[in-house]
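# Structural description and commentary
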Amino acid sequence: MYTQWAYWEGIKNYYEGKKFYLQAQVGNPEGEDKPNKKYYDPRVFIRESEKSMSKRVQEACRDLGNVNRL
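A quick note: this is a predicted structure, and the numbers were derived from the prediction, not measured. Here, residues in each chain are numbered from 1, in the same order as that chain's written sequence. Reporting of local features is limited, given that this is a predicted model, to residues whose pLDDT is at least 70; pairs of side-chain atoms are given and counted only at 80 or more, and all residues count toward the totals for whole chains, interfaces and linings. Processing note: side-chain calculations cover all non-hydrogen atoms of the structure and skip hydrogens and water entirely.

### Notes on the pairing of strand β2 (residues 31–35)
The condition that has to hold: Strand pairing requires that DSSP identify at least two bridges connecting the strands. Helix and strand labels come from DSSP, where a helix needs a run of H or I of at least four residues and a strand needs a run of E of at least two; each type is numbered from the N terminus.
Note that strand β1 (residues 26–28) and β2 share two bridges and pair antiparallel. Its bridge partner being in β2, Val26 is matched across the sheet by Pro35. In this structure, the hairpin formed by β1 and β2 is closed by a connection of two residues.

### Structural notes on helix α3 (residues 42–64)
Since one α-helical turn is 3.6 residues long, residues separated by three or four positions face the same way. Let me state the cut-off plainly: By this rule, a helix spans an expected 1.5 Å times one less than how many residues it contains. Note on exposure labels: buried denotes an accessible area under 20% of the residue type's maximum, exposed denotes more than 50%, and partly exposed covers the range between, all computed with a 1.4 Å probe on protein chains only. Working rule for contacts: check all heavy atoms of both residues, and any pair within 4.5 Å makes them a contact.
Over its 23 residues, α3 extends 33 Å from the first C-alpha to the last, a length consistent with the 33 Å expected when each residue adds 1.5 Å. Of the residues making up α3, those classed as buried are Ser49, Ser52 and Arg56. On its buried side, α3 packs onto α1 (2–18). Immediately downstream of α3, the backbone of Gly65 shows phi near 75°, a positive value.

### Overview of the environment of Ala6
Along the chain, the position of Ala6 falls in helix α1. Classification of Ala6 as buried rests on a relative accessible area of 4%. Excluding its chain neighbours within four sequence positions, the residues that come into contact with Ala6 are Ser49, Ser52, Met53 and Arg56.

### A short note on unusual backbone geometry
Even without being a glycine, Asn68 presents a positive backbone phi close to 60°. Inspection of the secondary structure puts Asn68 in the segment after α3. Under the relative-accessibility criterion, Asn68 is labelled exposed at 78%.

### Regarding the confidence of the model for the chain
Where we set the bar: Summary of the metric used: pLDDT quantifies the predictor's per-residue confidence within the range 0 to 100.
Averaged over all residues, the pLDDT of the chain is 92; the fraction at 70 or higher stands at 100%. The weakest mean pLDDT in the chain belongs to helix α2 (residues 37–40) at 90; the strongest belongs to α3 at 94.

### Examining the environment of Asp63
Topologically, Asp63 is positioned in helix α3. Under the relative-accessibility criterion, Asp63 is labelled exposed at 60%. Taking the C-alpha atoms as reference points, Asp63 and Gly27, separated by 36 residues in sequence, lie 45 Å from one another.

Here you go:
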């Protein structure tokens, strides 16, 4: 459950940080004719999800005491 939330949190944070770029295909705070294609690329927000989940898994490993063990 915690990793699911961490994954979702990555997408949520990405959206909140880029929501003015994700409202339309063209037009953003940088200009009315500026394209937003790079913000729509699913690889970008999926990567943010992976990074947030990775942090959560690392936290869980520390909590379980299995970090730096041989």
